[in-house]
Amino acid sequence: MSKILILTVDGGGIKGIIPSYFLEQLESASAMGLPCYQIFDIIGGTSTGGIIATALTSPLLSNGTEVVEPMTASDIFAMYKNNGDKIFVSQEFADFKYVSLYYGDDGNGNGIEPYLQSIYQSYSLNDAKNNMEQVLQGRTKHVFTTSYTINSSGGVVNKPQKGSDYGPYLFNWLDASNPSDDYLVWEAARATSAAPTFFPVANLGGGQGANSQANERWALDGGVMSNNPAIWAISEAFRTQLVSSLSDIVLVSLGTGTYPGGAGLVTAHQGDPDPDNGNWGEAPWLASDLYDLTGVENGDGAIIKIITEAVQLVSSQQILGLESSGLSYYRLEPTITQAQSQMDNISKSNVDSLIQTATDYLNGTEGSAIFTAIVNELTSIIDSNSEVASKKQLQ
C-alpha cells in the first residue's frame, strides 16, 4: 500500500496565521509547487485549524462568482492577516461577562457566521467531497473538523444519547454521504471554532434559517476535548480504510505556537487573597489572575487555560509513543510569548509579531530541519505515486 499523507492543524484563534504561513511555504517549496489538496490524502483541524482544513478543500464564492478551486495557503494566510476583525466582532455588553465576547451573528451581517457563509454559501460537506473527486480530481479523500455536542435541540433531553445529544462529533466527508450528517461547510467551520466565552454555542442543522437540513445540534469548539486533532486523524485513516497499519501513515501536524509558561502555575505563593500552596477553590481557579510558570498573570480562568494546554500536550505525547510502530510523524510548532498566546489579539502589531515568529522558526535550526524533512518525504512519496500512475497508464 502506498503511503497516506495526513495534515492536521491545531486550534488557536488568530494564531492560525502561524500554520497558514507554514502551509504557504510548503505549497511554494520548489520541490512541491502543489496546492495542499494535491498533497494530502486527509486534512483535519480543530477550531482555527478546522477553518483552515475546510478552506483548503472546499469550493467557494469569490466576488459572487463560483470558484471550484479551494483557497490556496496564500489566500488563507492573507485572510488571517487582513480579516481578523470580520471574525472577532465584539459583542455588546460583553464587558459584563454575561454574554460571549464576540458575535456569532449580530443580525446585521456581521460576525463569524456571516463571514463563513459569505465564503462557502450553500456548499455542503458532500458537495466539497464531490467537487474534489469529480472536478478537481485531487488527492484529498477525507476532511474533518472536530467539535463537541452539548445538545441536540436546545431543550431538555429525557434520555440523552451519545453522539446526537452529547459527546465528540466530527463533521466529515465520510459521514456526509448520509443526509443527516451532510452539514454545510460553514457549519463545520463554525462548530469547530465555537470557543466557550469567546463565541456563542453553535446551533447547526435543523433546516432553520441558513442552516442545513442535517440533524440539529448545539456544538462547542473541538478544542474543549482535542485542541490537537492528530490522534483523530490517525483514527479516521483507519475508519475510512485508507490505511491498514501505522506504517502506512505520514502525519504532518501543525501547531499554532506554544507558550510554555501557560502550561503550569506558581503554587507556592500567589499573594492575597488567594491561598498559598495551591489550596484553591472556585474563585482562584475561575476568577483570579493566578501566576503562570514564569510569574506572569494569567487573567481570570486559569483552569480553562490549563485544560486547553493539557489536551494539546496529551495528543502530542501519545503520537510520539506510536512512532515505534512505524508512524512517520512531523510536528511544526514555534515557541511564543504570553502576549502572543491570546487567541483574539487581532491587533496589527500582534499579527506581525506572529508572522515574524513563524518566519524565524522556519529559518532557525529546529524548524528548518523539520520543514526540509517534510518537503523531502512528501516529494518522494508524491513522485513515487506519479511514476506508478504513469506506468499504469502506459499499460
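Since the structure is predicted, the reported quantities are computational estimates derived from the model, not experimental observations.

Visitor: Quick question: what am I supposed to make of helix 9 (residues 230-239) here?
Guide: What sets the pattern is the α-helix's 3.6 residues per turn: residues three or four places apart point alike. Every buried residue of helix 9 is listed here: Ala230, Ala233, Ile234, Glu236 and Ala237. The buried residues of helix 9 all sit within an arc of 160° when viewed along its axis, so they share a single face. Looking at the buried residues of helix 9, the elements they touch are strand 1 (4-9), strand 2 (42-45), strand 5 (142-151), strand 6 (167-172), strand 9 (249-254) and helix 11 (302-322). Positive backbone phi, at 65°, marks Gln241, one or two positions downstream of helix 9.

Visitor: Even after reading the chapter, I still don't get the packing of aromatic side chains, so can you show me in this structure?
Guide: The geometry of an aromatic ring pair is captured by the separation of the ring centres together with the interplanar angle, meaning the angle of the planes. Applying the stated rule across the entire model yields 10 aromatic pairs. Between the aromatic rings of Tyr21 and Phe77, the centroid separation amounts to 5.9 Å while the plane-to-plane angle is 55°, which identifies the pairing as tilted. Note that Tyr21 is positioned in helix 1 (residues 17-28) and Phe77 in helix 3 (residues 73-82), a separation of 56 residues in sequence. As far as burial versus exposure is concerned, Tyr21 and Phe77 are alike and both buried. Put simply, the rings of Tyr21, Phe22, Phe77 and Tyr361 touch in pairs and so form one group of aromatic residues.

Visitor: Where do I start with a nonpolar patch on the surface in this structure?
Guide: A cluster of nonpolar side chains, namely Phe93, Phe96, Tyr98 and Val99, defines an oily patch on the protein surface of about 530 Å² accessible area. Positionally, Phe93 belongs in the loop between helix 4 (84-87) and helix 5 (112-120).

Visitor: Looking at this model, I keep getting lost on the packing of helix 1 against helix 12 (residues 348-363). Mind explaining?
Guide: Packed helix pairs are specified by the crossing angle of their axes together with the interaxial distance, meaning the distance between the axes. Where helix 1 meets helix 12, the axes come as close as 9 Å, and the angle between the chain directions of the two elements is 45°. Taken together, the axes of helix 1 and helix 12 are oblique relative to one another. Helix-helix and strand crossings are classified by hand; for helix 1 and helix 12 the assignment is right-handed. Across the interface between the two elements, Ile17, Ile18, Tyr21, Phe22 and Gln25 of helix 1 pack against Val351, Leu354, Ile355, Ala358, Thr359, Tyr361 and Leu362 of helix 12. Taken together, the residues of the contact of helix 1 with helix 12 sort by class into 10 nonpolar, two polar and no charged.

Visitor: Explain the pairing of strand 8 (residues 217-221) to me, please; I cannot follow it from the model alone.
Guide: Consecutive residues of a regular strand have side chains that alternate between opposite faces of the sheet. Across the five residues that make up strand 8, a large majority, four, are buried. Across four bridges, strand 5 lies against strand 8 in antiparallel orientation. Residue pairing for strand 8: Tyr148 is matched across the bridge by Leu220. As judged from the three bridges shared by strand 7 (residues 202-204) and strand 8, these two strands associate in the antiparallel manner.

Visitor: Hey, could you run me through helix 12 in this one?
Guide: Helix length check: helix 12 (16 residues) gives 22 Å between terminal C-alpha atoms against 22 Å at 1.5 Å per residue, within 8%. By the burial criterion, the buried members of helix 12 are Asn350, Val351, Leu354, Ile355, Thr357, Ala358, Thr359, Tyr361 and Leu362.

Visitor: Even after reading the chapter, I still don't get the packing of helix 9 against helix 11, so can you show me in this structure?
Guide: Running from N to C, helix 9 and helix 11 point in directions that differ by 50°, and their axes come no closer than 8 Å. Our classification of the angle between helix 9 and helix 11 gives oblique. Taken together, the residues of helix 11 that come into contact with helix 9 (itself represented by Ala230, Ile231 and Ile234) are Ser315, Gln318, Ile319 and Leu322. When grouped by side-chain class, the residues that make up the contact of helix 9 with helix 11 number five nonpolar, two polar and no charged.

Visitor: Quick question: what am I supposed to make of the pairing of strand 10 (residues 328-332) here?
Guide: The element strand 10 is extensively covered by neighbouring structure, given that five of its five residues are classed as buried. A two-sided burial pattern is seen for strand 10, the buried positions comprising Ser328, Tyr330 and Leu332 on one face and Tyr329 and Arg331 on the other.

Visitor: Please clarify how the side chain of Gln91 should be interpreted in this entry.
Guide: Within the fold, Gln91 resides in the loop between helix 4 and helix 5. In this structure the side chain of Gln91 is engaged in a polar contact, spanning 2.9 Å, whose partner is the backbone oxygen of Ser100.

Visitor: I'm lost on unusual backbone geometry in this one. Help?
Guide: With the exception of glycine, most residues fall at negative phi, and the peptide bonds are largely trans. Geometrically, the link from Asp272 to Pro273 is a cis peptide bond, its omega value of 5° lying close to zero. Tracing the chain through its elements places Pro273 in the loop between strand 9 and helix 10 (282-287). Backbone geometry places Gln241, a non-glycine residue, at a positive phi of 65°. Note on placement: Gln241 falls in the loop between helix 9 and strand 9. Unusually for a residue other than glycine, Asn277 sits at a positive phi of about 60°. Along the chain, Asn277 falls in the loop between strand 9 and helix 10.

Visitor: Help me understand the nonpolar core in this model?
Guide: What tends to happen in soluble globular proteins is that the nonpolar side chains get buried as a cluster. With 82 residues, the main nonpolar core has Leu7, Phe22, Leu23, Leu26, Phe40 and Leu378 as its most contacted residues. Excluding residues within four positions of it along the chain, Phe22 makes contact with Leu254, Gly255, Leu332, Pro334, Ala358, Tyr361, Leu362 and Phe371.

Visitor: Would you explain the environment of Asp127 in this entry?
Guide: Structurally, the position occupied by Asp127 is in helix 6 (residues 125-136). Distance from Asp127 to Tyr183, taken between C-alpha atoms, is 9.9 Å for residues 56 residues apart in sequence. At 2.9 Å, the side chain of Asp127 forms a polar contact with the backbone nitrogen of Ser124.

What counts as what
- Residues numbered from 1 in each chain as written.
- Predicted model: local features only at pLDDT ≥ 70, side-chain atom pairs only at ≥ 80, totals over all residues.
- Heavy atoms only, no water.
- Buried < 20%, exposed > 50% of the residue type's maximum accessible area, 1.4 Å probe, protein only.
- Helix = DSSP H or I, 4+ residues; strand = E, 2+ residues; numbered from the N terminus.
- Arc of directions from axis to C-beta.
- Contact = heavy atoms within 4.5 Å.
- Phe/Tyr/Trp six-rings, centres within 6.5 Å; stacked < 30°, edge-to-face > 60°.
- Patch = residues over 30% accessible without salt bridge, like charges linked within 9 Å, V, L, I, M, F, W, Y side chains within 5 Å.
- Areas by Shrake-Rupley, 256 points an atom, 1.4 Å probe, with all protein chains shown as cover.
- Salt bridge = Lys/Arg side-chain N within 4 Å of Asp/Glu carboxyl O.
- Axes fitted to C-alpha atoms, helices over the stretch in contact; angles between N-to-C directions.
- Parallel < 35°, antiparallel > 145°, perpendicular 65-115°, else oblique.
- Left-handed = near helix turned anticlockwise from the far one by under 90°.
- Nonpolar A, V, L, I, M, F, W, Y, C, P; charged D, E, K, R; others polar.
- Pairing = 2+ DSSP bridges.
- Expected span 1.5 Å × (residues − 1).
- Polar contact = N/O pair within 3.5 Å; in protein donor to acceptor, adjacent residues only side chain to side chain.
- Core = buried A, V, L, I, M, F, W, Y, C linked by side-chain atoms within 4.5 Å.

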